[in-house]
Each structure stands twice: as C-alpha cells, then as structure tokens.
Amino acid sequence: MKQRQRLFIAYGLSTAAQFAADVIPVMVLIAANASTLMIAAVVMTRLVVITLAAPLGGVIAGRLDASTTMRAADVTRAAILLAAVAAVQAHAPTWVTLIWAAAVALAGTPHRPAAVVLFHRLIDASEVASVNRVLAVTASTMMFVGPAVAAALVWLGGPTVGVLGVAVLFAAAAVLERVKGRTTPTFNEPISRVGRMVVDDLRNGVRLVRRDLALAPVFGIIGVVMAQLGAEQVLYPVFAHDTLRLGSSGLGLLAAAQGFGGMLTLPWLRRELSGSRAAWTLLTAALAMALAFMALGFSDHLGLVLLLLVGSGAGNMLYEATLLVVLRQRATTRELASLLGLGEAVNALAALLGVVVVPSLVHAWGVTNTLSALGVIAVALLGALAIPIRTGARAIAREDRDLEPIMTILGHTGFTKGLGHDGLRAVARSAAPQDVFSGEAVFLEGDAPEHFYFVRTGMLDVSTRVDGVVNRLGPEDWFGEIGLLKNTPRTATVRATTDASLLVIPGSVFMQSMREAHALPDTLTATMTGRLLLTHPWLLD
C-alpha cells in the first residue's frame, strides 16, 4: 500500500511538471516579448513531436520495465530543463526554446502509458475502475495545477526560476518512482520490428473504432476537444497578455481558475458511470468546455473571464475522467492499449490543427473574435455528434441486454472471481457461442491451445490416449485452462457425448483476465490441479 501511495504522489508530481513544462516555454517567450507566431511555433513543434513519437512511446512502455521507463523519462526531462536554465540565463535566441521544448516533449512520451501499465500490474482487477478514475482525476487536476505552479515561480523569480522549479519537480518524481521487483517484461523484440508494432497498434485502434458504433462518435468528441485545447495554447497566453493585461504570469492565473473548477467536480466523480450514460456525460462535458470558450470572446472583464474558466475547468475534469471510463467499457485491456495509442495521435493532430489555424485567424480577426468564432464551430460540431452518440447509446443498451445473461452465468463460476464488473464484462463481450453435436470433438490431445471453454448445456467426455475417459463435464463446467496457463499442447481430447452449447473465450482474453486478477482464483487452481494429478502430474512443478 505504501508503495502504491508513493507512486500516486510521484505520478501527480510528474504530471504537474509535464503540464508546467508545456507552458513554461510560452512564459519564457512572453517575457522576451516574442511574437504570437513564435509562441505558435513552439506549441506546434511540441505537438508534432508528440504526434510522431507517442505511438513509439507506447511500444516502449509496454516492453520495458515500467518503473524504469518512468524514472528515465523524468530524469531526462529534468536534465533537459537544467540545460534550458543556462540558455534562459544567457538570453539565448528564441529559436533555442523550440529545441528544448521539443526535447522535453519527446522524452516524456513513454511516461503516461508506462504509468498506466505499472498501476494496472500492481492492483487487483476489482480495483481497476477506481484506480482509472484516480489517474484521470490526477491528470486533469495537474493540467491546471502545473501551469499555476509555473506561473507562481515565474512571478516570484522570473523565467529562470520557473524552468529550474519544473526541473526539480521532475527530479522529485523520479526519486519516488522506484518499485521493488520487475513489473513488466523486458524488451525482447528485434529493433526492426518496432516500426511494425507501432503501425499495428494504430491499425488495431482504427479497426476497433470502425466496427464499434459507440466508439466512432467518442473519437469525434476527442478531435473537437483537442482542437479547441490546441487553440487555447496559443490564444490564452495572448488573451491574458494583450486583452486582460496580466503579464507573463497571467496564463497561470487562468489555469488556476480552470483548476478550481475541476476541483468542484470531484464529489460528483465518485458516482459510477455505466453504459450509454457515460457517453452522454462525455458529450455534455465537451459542450460545457466549448460554450465557455465561445463566451470568452464576448468579455474582457477579469471576474467574468475567471468565472467562465471555472466552468471550463469543471467540464475538462469531467471530460478527462469520463473518457477513460468510456474507452474501458468498450475495450478489453489489450484493446485499450491500441485505443490509447490512437487517441494520443488524434489528440496531438487535432491540437496541432488548432495551433496552425489560430495565428492567421488572430491576425485577421483579433483575439476575442477568434475565441468566439472557434467556440461557435466547436459547439456546432459537438451538437452534430448527438445523433451518432444516440445511435451508439442504443447499440450499448442492446449489447448490455445481450451480455447480462452471459455475465450472470460467468459470474456464478469460480474462475471469474476477482475480475470485477469491468473485467467480467470484457470476458463476456469476447465470448462467442459454439454448438457441438454428439460425438464431435472440441479439440484433440496434442492440439495447440487457443481458447477457453465454458459449458452452457450438454455433456462432454475428457479422455487421453493412455488412460481413456478421465472426466465428464456438464453445465457450468469449464475446460481448456491447462494448455493456456501451462503454455503446453492440449493434454486431453474433449468430445461431446450429447449435443452441447459452449461459450468460447479467446485465450488472449482469458490470460489477460488472469493477469489482472494477479492470483489464480482458488476454484480454478483446485480444478486444474485435480485434473493434472490424474494425467500429467509433472506439469504441476
């Protein structure tokens, strides 16, 4: 427990430092009286780096020790920012800011996926939903706390102190991120395969979105929200400096108001979201952000601006927390990795679009008109997504009705103990019905293990070439676990003695659910041990 608490603190520090590192280059440029075009260039460069490197960061995080990956990312970012301190003190040309901002973004790409992997390996499956909420709330809160801290440091000691303070945050996080023992497998793929793995992850994510009516509008919402957030990264510094006359630290004040709004939503986030309600909540949160963004274009009064940003922060917190819930409901843990990789690419590309478009709009229309115009566009696009969200919601409702009896059946068995609702739902979603006729073999002794089976109706015999029939299976029995868990060919032949109806669970899903449970359920362990004692006792070692 102490290790987990330390890691949560480290994740919060690192995430705050990450968002502070996103805005500190902008504050440095504002202090140097750089142009809006240069500010946009810094933001755009960072987003290009993330777009290109985020999928690779996910592959690295999945194949190296997660704790080591997190520490390496934070130590590297701290070192880069220490070098940036020297550049700021020497009044280096503004283009140097492009270099260190891009380097910090590149070094940080494996951190978040590594953190998700690490936390999921340290918790029981029943805790996945609550830990996901904590991670989402932490990330969303630090999105505002980080810039506010950076602004406070700049206000107290200037840009040099600001950059140095962010470096210290990264270093402190790295100290706390050490975990005893190995948490993930080492990288065992040839370097020539890395590019193919990145492409495969993105392709799998696209395939999931295309086949799932409920996911497509969710990614539409992600695109609109991130385009707006990209525009904010250019518009808010200029709005704070030119319209509100707040100086170089004004961006932190705006971020603090958003953070306060996010904190107001924390009690509400304790409520469980499920089914179609989560998708509608996600759309509502995105609309709240867009409406606040649009309204900023009609006010230059600081009090009203801060009030609007409180509403925007509340919407952002709700959006971040709900997004992970929605994705987790629609995907297994393995599929979630592909969706997160695709989501990171969509995030960066959409934000990049916002950054590219904004400078020319500001030049043509001014800051406030650009805010209101882009806000209107965002509201219109999100409103148009209401119809596909409704279609997806109906698909979710139908699926929930179809899955309920399967989840009930699987929930009564011992092998699903400890999976929690989301884990059980993921197994049920993957389960496919299979009918076998009397005398038909499900698999033969010596076959490669591919699936796990659950008997709904009918009777089956289990036999080996040496011992003959060694077991008989009926309703609510399962089989196929030995080959998967022991990574060995099938130890027996399973043949139907009457017409039978089975549920077939892919081996990859079964193994993932067992990893999430951390320890094999007692019922499954006892059943497997008894079966092996009859025919293959040497596999018990």
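All values reported here derive from a predicted model rather than from experimental measurement.

Even after reading the chapter, I still don't get the packing of helix H1 (residues 2-31) against helix H7 (residues 159-176), so can you show me in this structure?
Taken N-terminus to C-terminus, the directions of H1 and H7 make an angle of 160°; their axes are 8 Å apart at the nearest point. When the axis of H1 is compared with that of H7, the two are roughly antiparallel. Where H1 crosses over H7, the handedness of that crossing is left-handed. Of the residues assigned to the contact of H1 with H7, the class counts are 18 nonpolar, 3 polar and 1 charged.

Before we go on, may I ask you to explain the packing of helix H3 (residues 66-89) against helix H4 (residues 95-108) in this structure?
As a packed pair, H3 and H4 sit with axes 8 Å apart at the nearest point and diverge in direction by 170°. As far as their axial angle goes, H4 and H3 are roughly antiparallel. Contacts between H3 and H4 involve Ala73, Thr76, Arg77, Ile80, Leu81, Ala84 and Ala87 from the first element and Val96, Trp100, Ala103, Val104, Ala107 and Gly108 from the second. For the contact of H3 with H4, the per-class residue count stands at 10 nonpolar, 2 polar and 1 charged.

I'm lost on a nonpolar patch on the surface in this one. Help?
A surface patch of nonpolar side chains, about 500 Å² in accessible area, is lined by Met44, Val48, Leu52, Leu353, Val356 and Val357. Those elements that provide at least two residues to the nonpolar patch are helix H2 (36-63) and helix H13 (333-365). Considering the arrangement of structural elements, one finds Leu52 in helix H2. A residue is classified by how much of its surface remains accessible, and Leu52, at 66% relative accessible area, is exposed.

Can you help me understand empty space enclosed by the protein in this one?
The probe, sized like a water molecule, is rolled over the atoms to show the empty space still left. Inspection of every chain in the model, using the stated rule, returns 3 cavities of 30 Å³ or more. There is about 230 Å³ of room inside the largest cavity. For the largest cavity, the lining is made up of 17 residues, of which Val462, Ile482, Thr491, Ala492 and Arg531 are closest to its centre. Across the lining of the largest cavity, the residue classes break down as 8 nonpolar, 6 polar and 3 charged.

How should I be thinking about the environment of Leu385 in this particular structure?
Structurally, Leu385 is set in the loop between helix H14 (367-384) and helix H15 (386-411). In this structure the C-alpha to C-alpha distance between Leu385 and Leu283, which are 102 residues apart in sequence, comes to 8.3 Å.

Before we go on, may I ask you to explain unusual backbone geometry in this structure?
For residues that are not glycine, phi is negative in most cases, and the peptide bond is trans in most cases. Unlike most non-glycine residues, Glu476 shows phi in positive territory, near 75°. Relative to the elements of secondary structure, Glu476 occurs in the loop between strand E5 (468-473) and strand E6 (478-479). Backbone geometry at Asn487 places phi at a positive 50°, although glycine is not the residue there. Along the polypeptide, Asn487 turns up in the loop between helix H17 (481-486) and strand E7 (493-496).

Teacher, can you tell me more about the nonpolar core here?
Soluble globular proteins tend to bury their nonpolar side chains together. Judged by nonpolar contacts, the single largest core of 35 residues is most densely connected at Leu235, Tyr236 and Leu371. Secondary structure elements with two or more residues in this core: H1, H2, helix H9 (216-243), helix H10 (250-264), helix H11 (275-296), helix H12 (302-330), H13 and H14. Setting aside anything within four residues of it in sequence, one finds Leu235 in contact with Phe293, Val358, Val362, Val367, Thr370, Leu371 and Leu374. If you look at the next biggest cluster of nonpolar residues, it comprises 29 residues, including Val209, Ala290, Leu323 and Leu385.

What am I meant to see in the sheet that holds E5 here?
Across a sheet, strands are paired by hydrogen bonds formed along the backbone, either parallel or antiparallel in direction. Strand order in the open sheet formed by 4 strands is E2-E7-E4-E5, and the pairing between neighbours is antiparallel. Because the sheet does not close on itself, it has two edges, and the strands there are strand E2 (441-443) and E5. Sheet twist, expressed as the mean angle between neighbouring strand axes with direction ignored, is 30°. As paired elements, strand E4 (residues 460-464) and E7 share 4 bridges and run antiparallel to each other. Its bridge partner being in E7, Leu460 is matched across the sheet by Ala496.

Procedures and definitions
Residues numbered from 1 in each chain as written. Predicted model: local features only at pLDDT ≥ 70, side-chain atom pairs only at ≥ 80, totals over all residues. Heavy atoms only, no water. Axes fitted to C-alpha atoms, helices over the stretch in contact; angles between N-to-C directions. Helix = DSSP H or I, 4+ residues; strand = E, 2+ residues; numbered from the N terminus. Parallel < 35°, antiparallel > 145°, perpendicular 65-115°, else oblique. Left-handed = near helix turned anticlockwise from the far one by under 90°. Nonpolar A, V, L, I, M, F, W, Y, C, P; charged D, E, K, R; others polar. Contact = heavy atoms within 4.5 Å. Patch = residues over 30% accessible without salt bridge, like charges linked within 9 Å, V, L, I, M, F, W, Y side chains within 5 Å. Areas by Shrake-Rupley, 256 points an atom, 1.4 Å probe, with all protein chains shown as cover. Salt bridge = Lys/Arg side-chain N within 4 Å of Asp/Glu carboxyl O. Buried < 20%, exposed > 50% of the residue type's maximum accessible area, 1.4 Å probe, protein only. 1 Å grid on protein atoms, 1.4 Å probe; cavity = no way out; pocket = protein on both sides within 12 Å on 5 of 7 lines; lining within 4 Å. Points joined across faces, edges and corners; volume = space filled by probe spheres on them. Core = buried A, V, L, I, M, F, W, Y, C linked by side-chain atoms within 4.5 Å. Pairing = 2+ DSSP bridges.

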